[in-house]
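# Structure assessment
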Amino acid sequence: MPGLALGLPVEFNAALAGILGLLVGSFLNVVIYRLPKMMERQWAAECAELAGKAADSAEKFNLMVPRSRCSSCGHVIDWYENIPVLSYLFLRGKCSVCGTKFGWRYPLVEAVTGALFFFCAWRWGLTATGLAWSGFAATLLALALIDWDTTLLPDDVTLPLLWAGLIVAALGWNPAVQLMDALWGSVAGYLSLWLVYWVFKLVTGKEGMGYGDFKLFAALGAWFGWSALVPMILMASVIGALVGIALKFSSGLREGGYVPFGPFLAGAGLTAMVFGPQSILRFIGL
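Scope of this entry: the structure provided in the associated data block. Nothing here was measured: the structure is a model prediction, and the numbers come from that model.

## A look at the packing of helix α4 (residues 128-150) against helix α7 (residues 211-224)
Put simply, α4 and α7 touch, their axes get as near as 13 Å, and they point 160° apart. Classified by the interaxial angle, the pair formed by α4 and α7 is roughly antiparallel. When the axes of α4 and α7 are compared, the crossing they make is left-handed. Taken together, the residues of α7 that come into contact with α4 (itself represented by A132, W133, F136, L140, L143 and D147) are D213, L216, L220, W223 and F224.

Structure below.
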């Protein structure tokens, strides 16, 4: 049965998945913070190479090293200070050495990822389908926050998400979407925003979005099929416009007066996963 694994009740399986999600959420915090910085270092090294200069021999920096540390005093975070959610609560959100406050987003990302994994295991069980959708949810969460922080949607994340959607459909792990629907969904997702981009640029002379948005929407098309694209783009556009208006009136817009679109695409994708694509139309009143 899809709701059982190893003879255990679905609730127990979901709880196990939720615990795994907490751990994955802790790693997502590392990805969200470090991946853009890794990209910046790579760009700097490439520019230095083109200019015939020696690359900066800075400390090795990737998703694994150096170990996480306090940005204020440099205290290396011990394993017992890095237990998802619990360590944050025990330390009251502060560094154990200097007392500098850590952001509330760290435990929130962990908790949200745990909740998403719990939902996927509860709905699809500890199966290939449940694992696939858990990975999908974690990836969208990471992309949303990276884009919100930096306006970047890294190819290292969007393209594997796109390929994963096609592979999952080909293997039959996503019964609701056949491979051809996933294929044309990815094509339609990319081309639709690509056309909007160029029409907007030809009319206004400005760039309304980045190429990462095309790739993310193509990935959503691969996971949900071409028929889900209209509900998702409508939801992302409506909520993005509302948030943009709210930020404008609250003087919260960043320099340049723009709002990244990726977080709203990711939010539409997560909504479609939890409630179904057609529920989005009812959500926005259509």
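## Some points on helix α6 (residues 179-204)
Here α6 spans 38 Å end to end across 26 residues, near enough to the 38 Å set by a 1.5 Å rise per residue. Buried residues along α6 sit against α5 (155-171), α7, α8 (229-249) and α9 (262-275). Following α6 by one or two positions, G205 adopts a phi angle in the positive range, close to 80°.

## Points about the pattern of salt bridges
It is possible for side chains bearing opposite charge to pair when their charged atoms get close. Taken as a whole and judged by the stated rule, the model has three salt bridges. Measuring nitrogen to oxygen at the nearest pair gives 2.6 Å for the salt bridge that ties R105 to D149. A residue pair is termed long-range when its members are at least 10 positions apart, and R105 in helix α3 (residues 105-124) and D149 in helix α4 qualify at 44 residues. On the basis of relative accessible area, D149 is assigned to the partly exposed category, the value being 37%. The shortest N-O distance in the salt bridge between E207 and K201 comes to 3.5 Å. A relative accessible area of 54% places E207 in the exposed class.

Thresholds applied
- Within every chain, residues take consecutive numbers counted from 1 along the sequence as written.
- Since the coordinates come from a predicted model, pLDDT governs what is reported: local features require at least 70, and pairs of side-chain atoms require 80 or more to be given and counted, while whole-chain, interface and lining totals use all residues.
- To get the side-chain values, take all heavy atoms of the structure and skip hydrogens and water.
- In this description, a line fitted to the C-alpha atoms serves as the axis of each element, helices being fitted only across the stretch in contact, and the angle between N-to-C directions of two axes falls anywhere from 0 to 180 degrees.
- Numbering of helices and strands starts at the N terminus; helices are DSSP runs of H or I of at least 4 residues and strands are runs of E of at least 2.
- By definition in this entry, angles of less than 35 degrees are roughly parallel, angles greater than 145 are roughly antiparallel, angles of 65 to 115 are roughly perpendicular, and the rest are oblique.
- The crossing is said to be left-handed when, going from far helix to near helix, the turn is anticlockwise and less than a right angle, and right-handed when the turn is clockwise.
- Contacts: residue pairs with any heavy atoms within 4.5 Å of one another.
- Residue count minus one, scaled by 1.5 Å, sets the expected span of a helix.
- Here, a salt bridge means any side-chain nitrogen of Lys or Arg that lies within 4 Å of a carboxyl oxygen of Asp or Glu.
- Between buried and exposed lies partly exposed: a residue is buried under 20% and exposed over 50% of the maximum accessible area for its type, with that area taken using a 1.4 Å probe on protein chains only.

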